[in-house]
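An overview of the molecular structure
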Amino acid sequence: MTLMKNWDVLADLKKKKFSTDEIVDVLLQNRGLKTKKEREEFLSPKKPGEVSLKDVGLTKDAVKKGVDRVKKALKQKEKVVVYGDYDADGICATAILWEALFGLGINAMPYIPERFSEGYGLNAESISNLKKENPELSLIITVDNGIVANEAVEKANELGINVLITDHHAKGKKLPKAHAVIHTTEIGGAGIAWVFAREVLSELGKKSSPAPSLELAAIGTIADQIPLLYANRSFVKYGLEDLAKTKRVGLNALFKEAAIEKEGINTYHVNFLIAPRLNAMGRMQHAIDSLRLLCTTDPKRASELANLLGETNKERQRVVEEVVLHAKSAANKDGEELSVIVVSDESYHEGVVGLAASKLVEEFYRPAIVFSKGKDVSKASARSISGFNIIEAIRKVEEMLLGAGGHPMAAGLSLETSKIGEFTEKINKVARPLLTEDVLTRTRKGDMEIEPDIVGDEFVEALKKFEPAGIGNPRPTFLTIGLDVVSARTVGKTGDHLKLRLAKPPVVFEAIAFNKGFLLKDIEEKGKVDVVYNVEENIWNGRRSIELRVKDLATN
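Definitions and cut-offs
Throughout, residues of each chain are indexed from 1 in the direction in which the sequence is written. Per-residue local features are limited, in this predicted model, to residues with pLDDT of at least 70; the limit for side-chain atom pairs, both in listing and counting, is 80 or more; totals at the level of whole chains, interfaces and linings are taken over all residues. Based on all heavy atoms of the structure, the side-chain values leave hydrogens and waters out of the count. In this description a helix means any DSSP run of H or I spanning at least four residues, a strand means any run of E spanning at least two, and both kinds are numbered starting from the N terminus. As a reference, a globule follows 2.2 Å times the number of residues to the power 0.38, and the radius of gyration itself is taken over C-alpha atoms. The buried label applies to any residue whose accessible area, calculated with a 1.4 Å probe on protein chains only, is under 20% of its type's maximum; exposed applies above 50%, and partly exposed to all values in between. In what follows, a contact means two residues having at least one pair of non-hydrogen atoms within 4.5 Å. Methods summary: accessible areas were calculated by the Shrake-Rupley approach with a probe of 1.4 Å, and residue burial reflects only the protein chains presented. The sign given to each residue is positive for Lys and Arg and negative for Asp and Glu; His and the chain ends receive no count. Taken as the charge centre is NZ of Lys, CZ of Arg, CG of Asp or CD of Glu, depending on the residue. When the centres of two rings from Phe, Tyr and Trp lie within 6.5 Å, Trp using its six-membered ring, the rings pair. Their planes under 30 degrees apart give stacked, over 60 give edge-to-face, and anything left gives tilted. The rule is short: NZ of Lys or CZ of Arg within 6 Å of the ring centre and within 35 degrees of the ring normal puts a charge over the ring. For helices, the axis comes from a line fit to the C-alpha atoms of the stretch in contact; other axes are also lines fit to C-alpha atoms, and the angle between any two N-to-C directions lies between 0 and 180 degrees. An angle below 35 degrees is read as roughly parallel, one above 145 as roughly antiparallel, one from 65 to 115 as roughly perpendicular, and any other as oblique. By definition, any crossing whose near helix is turned counterclockwise from its far helix by less than a right angle is left-handed, and any crossing with a clockwise turn is right-handed. For this scheme, ten residues count as nonpolar: Ala, Val, Leu, Ile, Met, Phe, Trp, Tyr, Cys and Pro. Four count as charged, namely Asp, Glu, Lys and Arg, and the remainder, Gly too, count as polar. For salt bridges, the criterion is a side-chain nitrogen of Lys or Arg within 4 Å of an Asp or Glu carboxyl oxygen. Pairing between strands is defined by DSSP: at least two bridges between the two strands are required. Whenever two N or O atoms come within 3.5 Å, that pair is a polar contact, provided that in protein one can donate a hydrogen and the other can accept it, and provided that, for residues adjacent in sequence, both atoms are side-chain atoms. The arc refers to the directions leading from the helix axis to the C-beta atoms.

A tally of regular secondary structure across the chain gives 19 helices and 18 strands. Here the C-alpha atoms of the chain give a radius of gyration of 25 Å, agreeing with the 24 Å that 2.2 N^0.38 yields for 556 residues. Counting over 556 residues, the chain shows a buried share of 54%. A separation threshold of at least 6 residues defines the contact pool for the chain, and within that pool the share at least 24 residues apart is 67%. Carbon and sulfur atoms provide 50% of the accessible area of the chain, an area that totals close to 25,800 Å². Counting 81 positive and 80 negative side-chain charges, the chain places the centres of these two groups 3 Å from one another.

Take the packing of aromatic side chains next. A complete count under the given rule lists 8 aromatic pairs for this structure. Put simply, the rings of Phe459, Phe478 and Tyr533 touch in pairs and so form one group of aromatic residues. Directly above the ring of Phe42 sits Arg233, whose terminal nitrogen or CZ lies 3.8 Å from the centroid. Note that Lys237 overlies the ring of Tyr238, its terminal NZ or CZ placed 5.9 Å from the centroid.

Okay, the packing of helix H1 (residues 20–30) against helix H18 (residues 457–464) next. Close contact between H1 and H18 brings their axes to 10 Å; oriented N to C, the two are set at 25°. Comparing their axes, H18 and H1 come out roughly parallel. Judged by the sense of rotation from one axis to the other, the crossing of H1 with H18 is right-handed. Where H1 approaches H18, its residues Thr20, Ile23, Val24 and Leu27 are matched on the opposing element by Glu458, Phe459, Ala462 and Leu463. Its residues assigned to classes, the contact of H1 with H18 comprises 6 nonpolar, 1 polar and 1 charged.

Here Lys79 is to be found in strand S2 (residues 79–83). Summary of buried charges: Lys79 has no salt-bridge partner, and the nearest side chain of opposite charge, Glu136, is 5.0 Å away. Here Lys79 is in contact with Asn107, Met109, Asn134, Glu136, Leu137, Ser138 and Leu139, once residues within four sequence places are set aside.

Glancing now at the environment of Ala156. Tracing the sequence through the fold places Ala156 in helix H7 (residues 150–158). Between the C-alpha atom of Ala156 and that of Leu413, which follows or precedes it by 257 residues, the distance is 23 Å. When residues no more than four places from it in sequence are discounted, the contact partners of Ala156 are Ile127, Ile161 and Val163.

Before going further, it helps to spend a moment on the pattern of salt bridges. Tallied over the entire structure, the rule returns 41 salt bridges. Between Arg39 and Asp25 there is a salt bridge, with its nearest N and O atoms 2.3 Å apart. Residue Arg39 is found in helix H2 (residues 36–43), and its partner Asp25 is found in helix H1; the two are separated by 14 residues along the sequence. Of the residues examined, Arg39 reaches a relative accessible area of 15% and is grouped as buried. Linked through salt bridges whose partners overlap, the residues forming this network are Asp457, Glu461, Lys464, Glu537 and Arg544.

A separate point is the sheet that holds strand S9 (residues 377–383). A sheet is described by the order of its strands in space; here 5 strands give the open sequence S7-S8-S9-S11-S10, paired in mixed fashion. A strand with exactly one partner marks an edge of an open sheet, and here the two such strands are strand S7 (341–345) and strand S10 (403–406). Strand-to-strand twist across the sheet, computed as the mean angle between neighbouring axes with direction ignored, equals 15°. For S10 and strand S11 (residues 410–416), the ladder comprises 4 bridges, and the chain directions are antiparallel. If you follow Gly405 over to S11, its bridge partner there is Gly412.

This part covers the environment of Glu422. Tracing the backbone shows Glu422 in helix H17 (residues 420–431). Taking the relative accessible area as the measure of exposure, Glu422 reaches 36% and is therefore partly exposed. Put simply, Glu422 and Gly310 are 112 residues apart on the chain and 40 Å apart in space, counted from C-alpha to C-alpha.

So, about the environment of Gly387. Tracing the sequence through the fold places Gly387 in the loop between S9 and helix H16 (390–395). We classify Gly387 as exposed; its relative accessible area is 65%. Taking the C-alpha atoms as reference points, Gly387 and Asp438, 51 residues apart in sequence, are found 9.3 Å from one another.

With that settled, consider the side chain of Ser213. Along the chain, Ser213 falls in the loop between helix H8 (189–204) and helix H9 (214–223). A polar contact of 3.1 Å, which involves the side chain of Ser213, links it to the side chain of Arg248. Contact partners of Ser213, with chain neighbours within four places excluded, come to Ile96, Glu99, Trp194 and Arg248.

All right, on to H18 then. Owing to its 3.6 residues per turn, the α-helix brings residues three or four apart onto one side. Among all positions of H18, only Phe459, Val460, Ala462 and Leu463 are buried. Down the axis of H18, the buried set is contained in an arc of 160°. They therefore lie on one face. Residues of H18 that are buried make contact with H1, strand S14 (478–491), strand S17 (528–540) and strand S18 (543–555).

Bringing the sheet that holds strand S4 (residues 137–143) into the picture now. A sheet is described by the order of its strands in space; here 5 strands give the open sequence S3-S2-S4-S5-S6, paired in parallel fashion. The two strands at the open ends of the sheet, each matched to only one other strand, are strand S3 (107–111) and strand S6 (180–183). Within this sheet the neighbouring strands show an average axis-to-axis angle of 15°, counted without direction. Direction of pairing for S2 relative to S4: parallel, over a ladder of 5 bridges. When the bridges of S4 are listed, Val80 appears paired with Leu139. Seen against the sheet, helix H3 (residues 60–75) touches S2, S4, strand S5 (162–167) and S6 and runs at an angle of roughly 125° to S6.

Written as structure tokens, this is what we have:
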């Protein structure tokens, strides 16, 4: 049994004995933090209020132009729409900016497009409808969208509506002719909304005005898989602290529905419990109910909405399972012929094709594009692997598309159904030379090899400085060779997991290896293991202990 052949230990160091400070130094280096300033800001992040526009890649001129336009709207009592998106980042961004504007007394209305009838982002038809319903509408502020909405902005201009764009997605060949474009790819949609709201409140608010909602910026940043370094680290670190003591009745109702103990909330809870529930509404019904949950002040309404989100998420899980089973079968038929997996079917629910694409990437470790096939027009979501920029590849064939946008790792697109076959050929022609054997080799990264006697209280305290962990800042992961198996048993209802006691005398550790129960017999026979693991601190009934969370192991 050798499970660890695809582990890449980042620090190839000759010695295995280190001080805690030396280990911290290696961990920082592995995260690309080289200068003294970068390391200091990582270990002691700035408060979000201290994060400058330059720190997040925003230009002062664009932000000032946006703030001045909001100031004018307040003075002239204009009708304003905050135009968001239906994913968790977009929903949180909408709530952040709308609450800030509404709190200033601006006549602002939040708006989330309906995925199935309106599609992603600002569009001309929706703007026309908003103007008909609100003839006095004169300013639209986008959050988490708009950077490629050239036609929509032209329509708004025709109707006498100014547009302020705040977005973090990749730019197109030309920028929309908006009143101001507040754009950076360094933070997420909720992060930009938070910074812009901060600047607006700084200029227009009173000293008593509450700061923008940092807990929502944290949720949006984590949910959108933004690397948790630099300013994003500030938003998430301090935002999670706010989340643990939030008074938002909607979030507290959601915590109750999802059985989350909010005092210990971390990136795991946001990624796997909170964000999926917020996203489920936009995928299956209408994301406006997720926005209502975040913004409501009525406990009874909050409870109803939290239950709705929970039930909708269960339905979303069921539908994803059906689509993934079918898509895997379709992908298997293609064998190794396609560098980029492209599958399509009339049965694929448009709201979950992105999740299905992610599952295909997980299964086959190749970029995947999944189309919800319509009679005339089909919509798709794409997901990629490290080292392959999916939106850049899609843009190389954009002459045949109706629309496209996204990030290097994820994108959305639409095209005429009759062109799916041609698109499959062209995208693979673009991708084939880029998807080399090295890029297509799945590797998992560990930080360094250590001896276990370093793992004590001082070590655990040092590792806490690396929280919150996530994309760009994975949990510190270590390799130790030749641990004795003192005891091993399966745990869980069906014996799926391993509970271990591992030792390198005189040190003995408790360890848990999830989904490794099938290795019990081999481990008992061999008696020694090499282990890749995270270090956990457990507190139970006031008793503190250290446990190894095993990521992988092999007998030797």
